[in-house]
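# Coordinate analysis (summary)
Given next are the chains, with one letter for each unit.
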Amino acid sequence: MIDRARLDRIHERVVAGEPTASAELFVLVHHPIAATLRKRVGTLLSWEEACDLVTDAIVAYLKAPTKFDPARAGLFGYVLMIAKGDALNLLRDRGVNEKNRERFVELLSADGNTVEETPNVKLDAERIMAKHHRELIRDDGDEAVLRLYLDGEKETSAYATVLGLTGLPGSEQQREVKVRKDRIELRLKRLRDDLDEQ
Amino acid sequence: MSNEATALSALMRAAARVSHDETFVAATFREWCGDTLDVDAVATELGCEASAVVRAALCTSPRAESFGADVQAIAKASGIAPERLIAFLREAASIAAFRSGNGGQLLAAARDNPEDGGEEPES
């Protein structure tokens, strides 16, 4: 376990412009972050690619250290987040097949981004529902809501239609739709957490 | 490969990768070497281990306003004799200046050996 206080001191030294701080950061975190990245992404990335992604992430931090807020997160997680984002971009650009693109969603979502905040991710709704049906769907309404959700549907009216709520006042439609969507999001989050632990 | 060897290998790769970025000492090391960072050659020149060269390479370049102190700090953190590192960095800076002032052509010409079939420069 890397001492967060030590990383915080390194950050202070980086901000102060001390030349030895960067090397200490590389020595401390480069290998662990590369190993963590490969653990998350698996064989989709070679060891060399993981190393290069982490190098580039550390350099990105070093060139703009004030973008990192130590009050919000640890430096290890910050650099890992940059590397993960670049890894997913690399794999997406490489045109990885649909099965692995589903894994992109899980990885992106593990950082706290919702599906709607990742418009560039094309989701494979059929694959997700087929593979995780039991965890996500309890009734026909859940399935309809999930399909719309994974398609990035934002309009309440669309959800209200599939749930048969169009006869209700607008405010009640919104409330009922929100309850359903929140339930689906919670199940998706639990699913991501479970997959991350595997 | 042991975990330590893997980590060092990864850091050597990182040093090579940042050697094209003037922000890092690695770039100066690469300038001295030519086109590619040769950690072993630098280690021989500095009289230190390859791991020390990698450590120094991943430092950011000494600041102009505190060059001496920064080089001392880099040397101490890396396990390199400070006087050798200073001399090396000054030599590397000279080489870089020579190259950037089209001295590279003269350097190449000076290296040509007529016995190897190279053309002699016009007088």
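Details of the structure are given in the entry above.
What this report covers is the structure whose coordinates are included nearby.

Of the regular secondary structure elements, chain A holds 10 helices and 0 strands. Along chain A, from the amino end to the carboxyl end, the secondary structure elements read α-α-α-α-α-α-α-α-α-α. Restricting the contact set of chain A to residue pairs at least 6 apart, pairs at least 24 apart contribute 55%. In the structure as shown, chain A presents an accessible area of about 10400 Å², 48% of it carried by carbon and sulfur atoms.

Quick look at the pattern of salt bridges now. Residues and elements named next belong to chain A. Counting across every chain of the model gives 12 salt bridges over all chains. With a closest N to O distance of 2.6 Å, Arg13 and Glu24 form a salt bridge. Of the two residues, Arg13 is situated in helix H1 (residues 4-16) and Glu24 in helix H2 (residues 20-41); the sequence distance between them amounts to 11 residues. Just as Arg13 is buried, Glu24 falls in that class too. Here the residues in one salt-bridge network are Arg6, Arg13, Glu18 and Glu24, joined through shared partners.

Looking now at the environment of Gly170(A). Residue and element names in this part refer to chain A. With respect to the helices and strands, the residue Gly170 is situated in helix H10 (residues 170-197). Judged by relative accessible area, which is 48%, Gly170 ranks as partly exposed. Sequence spacing of Gly170 and Thr156 is 14 residues, and the spatial spacing of their C-alpha atoms is 9.2 Å.

Many authors give the size of an interface as the accessible area that is lost as the parts come together. Every contact between the two is made by 22 residues of chain B and, on the other side, 21 residues of chain A. Around 1800 Å² of area is buried between chain B and chain A when both sides are counted, 64% of it from carbon and sulfur atoms. For Arg17(B), the salt bridge identified is with Asp56(A), shortest N-O distance 2.8 Å. Connecting chain B to chain A are 11 residue pairs in polar contact (both at pLDDT 80 or more). Every element with two or more residues in the side of chain B that touches chain A is listed here: helix H1 (3-18) and helix H5 (67-78) of chain B. Among the elements that make up the side of chain B that touches chain A, the one with the highest residue count is H1(B) (9 residues).

Criteria and thresholds
Residues numbered from 1 in each chain as written. Chains lettered and ligands numbered in written order. Predicted model: local features only at pLDDT ≥ 70, side-chain atom pairs only at ≥ 80, totals over all residues. Heavy atoms only, no water. Helix = DSSP H or I, 4+ residues; strand = E, 2+ residues; numbered from the N terminus. Contact = heavy atoms within 4.5 Å. Areas by Shrake-Rupley, 256 points an atom, 1.4 Å probe, with all protein chains shown as cover. Salt bridge = Lys/Arg side-chain N within 4 Å of Asp/Glu carboxyl O. Buried < 20%, exposed > 50% of the residue type's maximum accessible area, 1.4 Å probe, protein only. Buried area = accessible area lost by both parts, 1.4 Å probe. Polar contact = N/O pair within 3.5 Å; in protein donor to acceptor, adjacent residues only side chain to side chain.

Any functional reading would require information beyond the geometric quantities listed.
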